[in-house]
Amino acid sequence: MWAFPTILTLHTIGLAVLIGASWMLDLRLLGIGRRVPLSAYRWVFPTVAVGLVINLLTGVLLFIKNASTWGVAFPFFVKMALVVASVATVLPMRSIVLRGGDLQGDVGGNARLLAVVSILAWSAAVTAGRLLAYTVV
Amino acid sequence: MNLAHLHLIMNHVPTVGSAVALSLLILGYARRNDHLKHVGLELLFVIAVLTLPVYVSGVAAHRELREIKEVADDAIRIHQDVALFGFAWMEFAGFIAWVALWQWRRRGAAARGLVPVATVLLIVSLAVMGRAANLGGEIRHPEIRAADAAAATAGDPKRFVQYSINQVAVYSRWMWPAAEAVHFLGLSLSFGVLLAVNLRILGVMKQIPFADVHRLLPWGMLGFGANLITGMFFFVGQPGQYVESNPFYWKVMFLVIAGANFLYLTVFGKAWRDGDKDRFTANVGDKAMALLSLTAWLGVLYAGRMLPFLGRSF
């Protein structure tokens, strides 16, 4: 009786940690707080990893509950694709931050583009996830 | 004690509190004293935060009064509608006050015109809230009820703003889901910013000046604003889902704590003072505050997400 609400709540908390932290890095890449050296943002990656692990575990459990309907539902695959795409943006950002070291000021255009893609992909993933509750029962 | 009691206790905050904040601002202008203005703005922000429990406890009080026949339902609905406008003005004034405080902390002064704008918005809120308070008094105090007020009751229920919002919430196929999606994005943004700022206080990324994480606070405010608007849409659209739900009041309580904390992080002077501008190290008190902030936000998330399970919403 308590399991489902708890898992769902953990999924939401994981979402806030995961997306919140990765958005903070996106904002830096877009020039918000450009004085801050990139190395100061290393905390983002372990934080994202924690959020991601929480949400993969709770996500699998949530999927099991509805496997027979979600497993064949198009909106669910859209969400999964968006999550994979969003996570995929974090990996090149990690190498940018690690390579950047104490770089202050603007990052290159590619990194900024990556940040925009990341923000949009996460937004789309969250929206798709929320709409799952309405489109697939 | 029920929530009607709470409403009766707290309902003086938006009017009396605004009058005090306004007095401080006016006194600040009269004496050319920036410190008084600063305190006035801080008080204005606190009142804007406290107006949330005042409003939601008022809607709960409406439920309690439904059973009592001699109370005119229309009188309550008129009061509630004006209070909703008062709430909106109050939040707007509080937001401008916050922007002024944020700039003040960074540059030693708010942008020109910002404090006067906050003052004018506060006067408007005080006027609308004063009207709401008067209408609220008329619900139960025949001694102040104007002769024409009684005649104004019992009309078309469709004329209320609350009714229109309820219709959209119930009959629009996409508004509720869309607002929920925005609500989740807003919570990620707010939580991300507060995570960064509080982690800095707790000792992560010690090498960067506090001013640089303080720079992120307006983005937290953006997420919070989006969630206040979408959250009020849910609440006003379907109040029945929330007013009889305990986790909802827990959530409001955590929001008030989080709001107070947000103000603290905004005006927090220590990191700017003296030579430790670049290498600010937090003491135990600062760290306790940072932990309280993160706990309050986790509480908001937990109580909010548990609403359908511990309460009655879906």
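Residues numbered from 1 in each chain as written. Chains lettered and ligands numbered in written order. Predicted model: local features only at pLDDT ≥ 70, side-chain atom pairs only at ≥ 80, totals over all residues.

**Some remarks on the overall build of chain B**
- Helix and strand content of chain B: 14 helices and 0 strands.
- In chain B, the succession of α and β elements from N to C terminus is α-α-α-α-α-α-α-α-α-α-α-α-α-α.
- A compact globule built from 314 residues should have a C-alpha radius of gyration of about 20 Å, and chain B, at 21 Å, falls within 12% of that.
- For the C-alpha atoms alone, the extent of chain B along its principal axes is close to 65 × 50 × 35 Å. (Helix = DSSP H or I, 4+ residues; strand = E, 2+ residues; numbered from the N terminus. Rg over C-alpha atoms; globule rule 2.2 N^0.38 Å.)

**A few points about the overall build of chain A**
- Helices and strands together make up the secondary structure of chain A, namely 5 helices and 0 strands.
- Moving toward the C terminus, one meets the helices and strands of chain A in the order α-α-α-α-α.
- Here the C-alpha coordinates of chain A stretch approximately 50 × 30 × 20 Å along the principal axes.

**Section: the interface of chain B and chain A**
- Between chain B and chain A, the contact holds 28 residues from the first and 25 residues from the second.
- Ranked by residues supplied to the side of chain B that touches chain A, first place goes to helix α8 (residues 175-202) of chain B with 14 residues.
- Of the residues that constitute the side of chain B that touches chain A, the class distribution is 21 nonpolar, 3 polar and 4 charged. (Contact = placed C-beta atoms within 7 Å. Nonpolar A, V, L, I, M, F, W, Y, C, P; charged D, E, K, R; others polar.)

**Concerning the domain arrangement of chain B**
Residue and element names in this part refer to chain B.
- Per the domain assignment, the segments making up chain B are domain 1 (1-155) and domain 2 (156-314).
- For domain 1 and domain 2, the distance between their C-alpha centroids amounts to 21 Å.
- Contact with domain 1, which involves 23 residues of that partner, is made by 24 residues of domain 2.
- Only α3 (34-65) and α4 (73-107) provide two or more residues apiece to the side of domain 1 that touches domain 2.
- Class assignment of the residues belonging to the side of domain 1 that touches domain 2 gives a composition of 14 nonpolar, 2 polar and 7 charged. (Domains from an automatic or database assignment.)

**As for unusual backbone geometry**
All names here are of chain B.
- The phi dihedral of R32 falls on the positive side, at around 50 degrees, and the residue is not glycine.
- As for its placement among the helices and strands, R32 is situated in the loop between α2 (13-30) and α3.
- At M205, a residue that is not glycine, the phi angle is positive and equals roughly 45 degrees.
- Relative to the assigned elements, M205 resides in the loop between α8 and α9 (210-214).

**Quick word on the packing of α3(B) against α4(B)**
Residue and element names in this part refer to chain B.
- In contact at an axis separation of 8 Å, α3 and α4 are set at 155 degrees when each is read in the N-to-C sense. As summarised for this structure, α3 and α4 are arranged roughly antiparallel, according to the angle between their axes. As α3 packs across α4, the resulting crossing turns out to be left-handed.
- Classifying every residue of the contact of α3 with α4 by side-chain character gives 18 nonpolar, 6 polar and 2 charged. (Axes fitted to C-alpha atoms, helices over the stretch in contact; angles between N-to-C directions. Parallel < 35°, antiparallel > 145°, perpendicular 65-115°, else oblique. Left-handed = near helix turned anticlockwise from the far one by under 90°.)

**Observations regarding the nonpolar core**
- With 125 residues, the main nonpolar core has M24(A), L44(B), A93(B), A97(B), A100(B), A118(B) and V197(B) as its most contacted residues.
- Counting residues per element, this core draws most heavily on α4(B), at 16 residues.
- The residues that make up this core include at least three from each of domain 1 (1-155) and domain 2 (156-314) of chain B. (Core = buried A, V, L, I, M, F, W, Y, C linked by C-beta atoms within 7 Å. Buried ≥ 20, exposed ≤ 12 C-beta atoms within 10 Å, placed from the backbone.)

**So, the confidence of the model for chain B**
Residues and elements named next belong to chain B.
- Summary statistics for chain B give a mean pLDDT of 88 and a share of 92% for residues scoring 70 or more.
- α2 holds the highest mean pLDDT among the elements of chain B, 95, whereas helix α6 (residues 147-151) holds the lowest, 52.
- As scored by the predictor, the complex reaches a pTM of 0.89 and an ipTM of 0.87. (pLDDT = per-residue confidence, 0-100.)

**Side note on the packing of helix α1 (residues 3-29) of chain A against α8(B)**
- The geometry of α1(A) relative to α8(B) is characterised by a closest axis approach of 7 Å and an angle of 70 degrees between their N-to-C directions. By the angle between their axes, α1(A) is roughly perpendicular relative to α8(B). By crossing handedness, the relation of α1(A) to α8(B) is classed as right-handed. Where α1(A) approaches α8(B), its residues L15(A), A16(A), I19(A), G20(A), A21(A), W23(A) and M24(A) are matched on the opposing element by L187(B), S188(B), L189(B), F191(B), G192(B), V193(B), L195(B) and A196(B).
- Here the contact of α1(A) with α8(B) is built from residues that sort into 12 nonpolar, 3 polar and no charged.

**A word on the environment of A115(A)**
All names here are of chain A.
- Relative to the helices and strands, A115 resides in helix α5 (residues 109-135).
- In the structure, A115 is positioned 114 residues away from M1 in sequence and 40 Å away in space, judged by C-alpha atoms.
- Each residue touching A115, except ones within four places of it in the same chain, is listed here: D26, L29 and L30.

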